[in-house]
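Okay, here's what each chain looks like letter by letter:
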Amino acid sequence: MIRLAESRLPTRFGLFRVSVFLAADGKEHAVLAMGDLGNAEAAPLVRLHSECLTGDALFSLRCDCGAQLEEALARIAADGRGAVLYLRQEGRGIGLGNKIRAYALQDEGADTVEANHQLGFPADARDFGLAVQLLHHLGVPRIRLMTNNPRKLEQLRTAGIDIVERIPLNPGENPHNRAYLATKASKLGHLLGD
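Residues numbered from 1 in each chain as written. Predicted model: local features only at pLDDT ≥ 70, side-chain atom pairs only at ≥ 80, totals over all residues. Heavy atoms only, no water.

Engineer: Please explain the pattern of salt bridges as it appears in this structure.
Structural biologist: Once their charged atoms are close, side chains differing in charge can pair, the charge on each being opposite to the other. For the coordinates displayed, the defined rule picks out 12 salt bridges. Between Arg126 and Asp124 there is a salt bridge, and its shortest N-O distance comes to 2.7 Å. Assigned by exposure class, Arg126 and Asp124 land together as buried. For Asp162, the salt bridge is made with Arg142, and the minimal N-O distance between the two is 3.4 Å. Placement of Asp162 in strand β7 (residues 162-167) and of Arg142 in strand β6 (residues 142-146) is noted, with a sequence separation of 20 residues between them. The exposure class of Asp162 is partly exposed, given its relative accessible area of 36%. (Salt bridge = Lys/Arg side-chain N within 4 Å of Asp/Glu carboxyl O. Buried < 20%, exposed > 50% of the residue type's maximum accessible area, 1.4 Å probe, protein only. Helix = DSSP H or I, 4+ residues; strand = E, 2+ residues; numbered from the N terminus.)

The structure is reproduced here in structure tokens:
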């Protein structure tokens, strides 16, 4: 993991520090941080956020990604300390083109997991080992993790990250993503309750 660049990043949520890292996968991943992450007794708030161009930048209502990103940044700003690790794993790791193909299959009646399977992909191809590397690079062994995804909890704990608290993120339910969220809960085990 190589740090390529760092700068201040004023946002509508507050002033963050943005760092870009080059990983062995050849992708550039970003960390938006606020406050001192290391050398403190209290674990910082952390969100591992996989890239979602449609939700994060194009304001799609098909998912809850953009709403989760905004909620995570707002919570970090309110806390004054924490980080969003923005991982370049579009479409649960299948890429943008395949994600849009999966959308088309969903338009025809498949759920999000079935669509991935029909395209020849696992339900979730993401690897959170990149996040572990970033946390080690940042000197953050203990975190309060904002997530609904039990795979994130398991992969981080297996890699030695101490998760002192799981904080649910459920800000984005709407009529367009209700079935998507239900599928994440029933087929992927996402923890959508408080």
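Engineer: How should unusual backbone geometry be read in this particular structure?
Structural biologist: Both trends apply: most residues other than glycine have a negative phi, and most peptide bonds are in trans. Of note, the phi angle at Phe59 is positive, near 65°, even though the residue is not glycine. Accessibility expressed as a relative area gives 64% for Phe59, which makes it exposed. Not every positive phi belongs to a glycine, and Arg92 is a case in point at roughly 55°. Relative to the helices and strands, Arg92 resides in helix α3 (residues 90-93).

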